[in-house]
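What follows is the residue order along each chain.
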Amino acid sequence: GAGPAAARAPTPAARRSQPGFEALDDRKQVNVMRVVSEAMGIANPFFRSHDGPASVETRIDGRAAVNFATYDYLGLGQDARVRKAAHDAIDRFGVSAGASRLVAGERPVHGALEAALARHYGTEDAIVFVSGHATNVSTLGTLLTAKDLVLTDSLIHNSILVGAQLSGASRRSFAHNDLDALERLLVENARRYRNILVAVEGLYSMDGDLPDLPRLLELRARFGFWLLVDEAHALGTVGPTGGGLAEQFGADATEVDIWMGTLSKTLGATGGYVAGSAALIDVLKASAPGFVFSVGLPPVLAATALSALEIMEAEPERCQRLQANGARFLERARAAGLDTGESIGGAVVPVLIGDSIKAAKLSERLLARGYNVLPILFPAVPMNAARLRFFITSEHNAAQIDGAVAATRDEIDQLDRDGFGMKLTPE
Ligand code: PMP
């Protein structure tokens, strides 16, 4: 432009240059994975495009596959009644809420869903957000400050960690499900912080196991902290009727301060929720940035989740089918000598492989045999803990489960015979 500033040449000291995005560490890591995969002749296992809904029978690149990578644990995302509720909501409300709920985005279906979630947990109130991830980020970011401490299981979801970071609170983690270690952290730190929040998952998304809720409640009574349970994978899958972790242990759900979950898995929609006391929900509705400064949950998603929740509660046989399928998968996998870690044999069953390249290759070979199962690689899990992660649903049948286990055993044996990946395994 014109003007006096533009006329002045910059002095050398004022000049600065910055490398492009390719110099970022994350970018370098992506490149390493890409080069190694190409050298080994492995197709990228991620971003596989499905032509159709996230159901058990899917199509990838025009070929049929049995899907062990859908979160639609009870098949409700495909249920005709749920779809009708979604269509009706679009006809009535359109798709977008159009604005933050505070200012012009509120629809009756938002309140109805929140009331149903509060009823499910027996809490005073609930709040829904546009994303599950944003729910944790915003909730922790709102409740905690630099004076506070967050204690997390080492396998806790990224969204909790990001929320804790945002809050500025001190952070410590304890080994997975090691509540003795949690107790030691509490003994050491109980008096040094204003508030302490302990975060666990109702069903761990990587290992498929549960935390010991009664022991957590004992510790809570002794040390006084806020307990957050992330039920993303537990709602509809854990407990005799899929009620979640409290139902599994016959515990009083109101002793958990923060029930968090998502609408994107069992409830077949997209979004996240928190259920808890009226005071908690008031605070979040007034100040959680992901609620106040973000558009309201699309009414169609609220209607979808509400319909799915009602069916989930009315038809516990869906959860029982899922649990029978999970038990079958676990039993067959163990009989075949596969390492399923500590999985309870519910909605999530990992098959531990170790080497990341081998896990990626297995995923590719299983897809060629008609099974879609994703590898979980470093850095999502520790270096030597790469795995195939099977999501089990009520909609799988026995032949699909037995076939997937047999194919996995077979392909691992073939790779082992070929010595695949051995040289790349870090010691
Ligand atoms: N918590 C856990 C334990 C999760 O596994 C996930 C996502 N997989 C989330 C939160 C975030 O939920 P969403 O994908 O619905 O944003």
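Residues numbered from 1 in each chain as written. Predicted model: local features only at pLDDT ≥ 70, side-chain atom pairs only at ≥ 80, totals over all residues.

The name given to the protein chain in an unreviewed UniProt entry is Aminotransferase class I/II-fold pyridoxal phosphate-dependent enzyme, and the organism recorded there is Maritimibacter fusiformis. Checking UniProt for the protein chain, the heading Cofactor (unreviewed entry) contains the comment "pyridoxal 5'-phosphate". (UniProt positions renumbered as here; feature names shortened; annotations may be inferred.)

Undergrad: Explain the site of the ligand residue by residue, including any values.
TA: Taken together, 13 residues sit near the ligand, with Gly132, His157, Ala232, Thr262 and Ser264 positioned nearest. The dominant element in the shell around the ligand, judged by the number of residues it contributes, is helix α6 (residues 132-143), at three residues. Here the residues of the shell around the ligand sort into one nonpolar, 10 polar and two charged. (Near = placed C-beta within 6 Å. Helix = DSSP H or I, 4+ residues; strand = E, 2+ residues; numbered from the N terminus. Nonpolar A, V, L, I, M, F, W, Y, C, P; charged D, E, K, R; others polar.)

Undergrad: Tell me about unusual backbone geometry, residues and numbers included.
TA: The phi angle at aspartate 61 is positive, at roughly 50°, despite the residue not being glycine. Checked against the element boundaries, aspartate 61 lands in the loop between β1 (57-60) and β2 (63-67). Phi is positive for asparagine 177, close to 60°, though the residue is something other than glycine. For asparagine 177, the location among the structural elements is in the loop between β5 (170-174) and α8 (179-189). Of the residues examined, asparagine 177 has 18 C-beta atoms within 10 Å and is grouped as partly exposed. (Buried ≥ 20, exposed ≤ 12 C-beta atoms within 10 Å, placed from the backbone.)

Undergrad: Residues and numbers for the nonpolar core, please.
TA: Of all hydrophobic cores here, the largest spans 114 residues; its most connected members are Ala305 and Phe390. For this core, the element with the most residues is helix α13 (residues 299-314), which contributes 10 residues. If you count residues domain by domain, this core takes at least three from each of domain 1 (38-67 + 316-424) and domain 2 (78-314). (Core = buried A, V, L, I, M, F, W, Y, C linked by C-beta atoms within 7 Å. Domains from an automatic or database assignment.)

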